[in-house]
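A closer look at the structure
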Amino acid sequence: MRILTNGQMRLADRHTIEGGVSGFELMRRAGAAIAECADFSGKKTYIMCGKGNNGGDGYSLAAVLLSRGCDVTVFKTDEPKGDSAAFSEIYKNKGGREFAATECDYKCDILVDCLFGTGFHGEADDVYAEVIDKINESGAFVVSADIPSGLNGDNGRGGKCVNADITVAIQAAKLGHFLGKGKDVCGKLIIKDIGIDCKDTGALAVDEKFCARFFPPRRNDSNKGSYGRCAIIGGSKNYPGAIKLADMGLAALQSGCGLCTVAAPEFLIPALSAAVVENTLFPLDDDGRGICYNKEQIDELARMMKCVAIGPGIGGGYKEISRVIADLASRNIKLIIDADGLNCLANDISVLDNHTADILLTPHPMEMARLNKLTLDQVLEAPLAVAENFAKKYGVTVLLKGSATIITDGEKAYVMKDGGPYLAKGGSGDVLTGVITGIAARGYSLAESAAVGSYLCAAAGKRVSSRIGEYGTLPSQVAREIKRITDEFGV
């Protein structure tokens, strides 16, 4: 499954037309495809059509339904043009009824939203805002063509949006279906293939099938060294987080690595000893508040490690932590920078200028804004583009958190679309970092590890929340649930 931006979808559409399939034919197919996604027979159906191609899909649908003897009426906000006008004529020539949107009483069983397409930006106003409000208040079963009207196809933002029961995505899912408020307004997402060639375009959706191949059966003659070693560096006086660090270490082991070491300020080791059971501990020099840089210690810690993660709970001693990060970034290891480690980078981004380590950053949108010296609004407006540009500029991989997780190395992109509010809790990001660290230690790329780790945490969180509810789901429970997910992959 591919997830496309608006621009990628337009380009694929244009190439298909240039390849000999007319826009008229694609509109015909779109109408026929939408007709397959709900039971319109015996139902009073209203179709709300705008002036663009999305409205044309509505006229095409109306013609199909009328041919089947369905009770269908079109209400338009504007006069159709081009192929849309052609389908309007076909519909009316079959005896179809067409009225202005202002004449609609909204008393129907099914209401099909064909006002705006994926290219909509800004906020609906005037007659459109009124129509959207009345659709949402109608009580009808709402079907949105391609995307709920009012929702931005690139980022899931928008003011007034249609709240759909089902959304029929034409040819491919769009980023806006999963980002921002997309998941809340799209209802059930149905993707219908109408012959637009976009198989090698866009981001790859991360799902169970994608992830299963990263958990092959283990060999009988293997040992802990066969599955890689990793280290997690974190903790400070203000953020001791023994349990969080223990959860991270557990998550790393649950995701398959052979050995995980938790490295923390020496004064935290007694507290960690009680919480960190399955992992080894490594004390680091401290000043009573947080970690102090000691090259010999970092040499010893990093020597055997395939992957090192740094950041959770390390606090605000940015000068010392920046030295640790700069040292690790100069080594031939995989390095994951999370949480307060990202704040260190935001203070001195030059650490990334000449790195030799393979680096993954795991920011949420505000952290991404600080790293880029952008506003939060600029990040939310174009999340994929911001992440891709940063990854290309600094030669790193970026995992940008959100209602859907975006992972990109600047060339390839993945979208993990299945997260939910059950992960909206302090410590969930720490577990995610632990899972990614454990997978990367087994030899997989950081982009792949981030994609798989995101899926595992989402799937584990969903299972826990199904048992105890979204409010009660804890990161520690998510960490422990991961093994049940990987067991089903055949581990």
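The rules behind the values
- Residues numbered from 1 in each chain as written.
- Predicted model: local features only at pLDDT ≥ 70, side-chain atom pairs only at ≥ 80, totals over all residues.
- Heavy atoms only, no water.
- Helix = DSSP H or I, 4+ residues; strand = E, 2+ residues; numbered from the N terminus.
- Rg over C-alpha atoms; globule rule 2.2 N^0.38 Å.
- Buried < 20%, exposed > 50% of the residue type's maximum accessible area, 1.4 Å probe, protein only.
- Pairing = 2+ DSSP bridges.
- Axes fitted to C-alpha atoms, helices over the stretch in contact; angles between N-to-C directions.
- Contact = heavy atoms within 4.5 Å.
- Disulfide = S-S within 2.5 Å.
- Salt bridge = Lys/Arg side-chain N within 4 Å of Asp/Glu carboxyl O.
- Core = buried A, V, L, I, M, F, W, Y, C linked by side-chain atoms within 4.5 Å.
- Parallel < 35°, antiparallel > 145°, perpendicular 65-115°, else oblique.
- Left-handed = near helix turned anticlockwise from the far one by under 90°.

When its secondary structure is counted, the protein chain shows 18 helices and 19 strands. For the protein chain, whose C-alpha radius of gyration is 26 Å, the value lies close to the compact-globule estimate of 23 Å for 491 residues. Overall size of the protein chain, expressed as C-alpha extent along the three principal axes, is 85 × 45 × 40 Å. Taken across its 491 residues, the protein chain has 56% of its residues classed as buried.

If you walk across this open sheet you meet the 7 strands as S4-S3-S2-S5-S6-S7-S9, and the pairing is parallel. Two strands lie at the open edges of the sheet, namely strand S4 (97-100) and strand S9 (188-192), each paired on one side alone. The mean angle between the axes of side-by-side strands here comes to 20°, regardless of whether they run parallel or antiparallel. Across the sheet, helix H3 (residues 53-67) touches strand S2 (44-49), strand S3 (71-76), S4, strand S5 (110-114), strand S6 (141-145) and strand S7 (166-170), and the angle it forms with S2 is around 155°. In the packing of helix H4 (residues 82-93) onto the sheet, the strands contacted are S3 and S4, and the crossing angle to S4 comes to about 125°.

In this section: the pairing of strand S11 (residues 229-233). Side-chain direction in a regular strand flips from residue to residue, so the side chains alternate between the two faces of the sheet. Of all 5 residues in S11, 4 are buried; the element is thus mostly enclosed. Strand direction decides the pairing type here: S11 and strand S12 (residues 259-265), joined by 5 bridges, are parallel. The residue bridging Cys-230 from the neighbouring strand is Cys-260, located in S12. Sheet topology places S11 next to strand S14 (residues 307-310); 4 bridges connect them, and they run parallel. Within S14, the residue paired with Ala-231 across the bridge is Val-308.

Once that is clear, we can look at the sheet that holds strand S13 (residues 280-284). The strand order across the open sheet built from 12 strands is S8-S1-S10-S19-S18-S17-S16-S15-S14-S11-S12-S13, with neighbouring strands paired in mixed fashion. Each edge of the sheet is formed by a strand with only one pairing partner; in this case those strands are strand S8 (173-174) and S13.

Turning our eyes to something else, we now look at the environment of Lys-244. Looking at the secondary structure, you find Lys-244 in helix H8 (residues 242-254). Its relative accessible area of 40% is what places Lys-244 among the partly exposed residues. Sequence spacing of Lys-244 and Thr-397 is 153 residues, and the spatial spacing of their C-alpha atoms is 24 Å. If we skip the residues at most four places from it in the chain, Lys-244 touches Gly-426, Gly-427 and Asp-430.

Here we take up the environment of Leu-328. With respect to the helices and strands, Leu-328 occurs in helix H11 (residues 318-329). Separated by 19 residues in the primary sequence, Leu-328 and Ala-309 place their C-alpha atoms 9.8 Å from one another. Ignoring any residue separated from it by four or fewer positions in sequence, one finds Leu-328 in contact with Ile-233, Ile-298, Ala-302, Val-308, Ile-310, Ile-333, Leu-335 and Ala-357.

Next up on the list: the state of the cysteines. Scanning the model with the defined rule gives 0 disulfides in all. Left without a disulfide partner, Cys-108 is nearest to the cysteine sulfur of Cys-104, which lies 6.4 Å away. On the basis of relative accessible area, Cys-108 is assigned to the buried category, the value being 11%. A disulfide-free cysteine, Cys-457 has its sulfur positioned 11 Å from the sulfur of Cys-211, the nearest such atom.

It is worth spelling out unusual backbone geometry at this point. At Tyr-106, a position not held by glycine, the phi torsion is positive, near 60°. Tracing the sequence through the fold places Tyr-106 in the loop between S4 and S5. Even without being a glycine, Asp-146 presents a positive backbone phi close to 75°. Position of Asp-146 among the secondary structure elements: in the loop between S6 and S7.

Let us now look at the pairing of S12. Within S12, 7 of the 7 residues are buried, which leaves it mostly tucked inside the rest of the structure. Pairing geometry for S12 and S13, over 5 bridges, is parallel. Across the sheet, residue Thr-261 finds its bridge partner in S13, namely Thr-280.

A complete count under the given rule lists 27 salt bridges for this structure. For Glu-130, the salt bridge goes to Lys-134, with nearest N and O atoms at 3.0 Å. Placement of both Glu-130 and Lys-134 in helix H5 (residues 126-137) is noted, with a separation of 4 residues, approximately one turn of the helix. A relative accessible area of 43% places Glu-130 in the partly exposed class. For Lys-134, a relative accessible area of 34% puts it in the partly exposed group. The shortest N-O distance in the salt bridge between Arg-331 and Asp-327 comes to 2.6 Å. Each member of the pair, Arg-331 as well as Asp-327, carries the same accessibility label: buried. Each of Lys-76, Glu-79, Glu-89, Lys-92 and Glu-98 takes part in salt bridges that share partners, so that together they form one network.

Counting 56 residues, the largest nonpolar core has Leu-328, Leu-361 and Phe-390 as the members making the most contacts within it. Per-element tally for this core: the top contributor is helix H15 (residues 383-394), with 6 residues.

What follows deals with the side chain of Thr-45. Mapped onto the elements, Thr-45 comes out in strand S2. A residue is classified by how much of its surface remains accessible, and Thr-45, at 1% relative accessible area, is buried. Setting aside anything within four residues of it in sequence, one finds Thr-45 in contact with Phe-40, Leu-65, Asp-71, Val-72, Thr-73, Ile-110 and Val-112.

Right, let's get into the packing of helix H16 (residues 428-441) against helix H17 (residues 446-468). Between H16 and H17, the shortest axis-to-axis distance is 8 Å and the interhelical angle comes to 135°. In terms of axis orientation, H16 runs oblique to H17. As H16 runs across H17, the sense of the crossing is right-handed. Along its contact with H16, which presents Val-431, Leu-432, Val-435, Ile-436, Ile-439 and Ala-440, the element H17 presents Leu-446, Ser-449, Ala-450, Val-452, Gly-453, Ser-454, Leu-456 and Cys-457.

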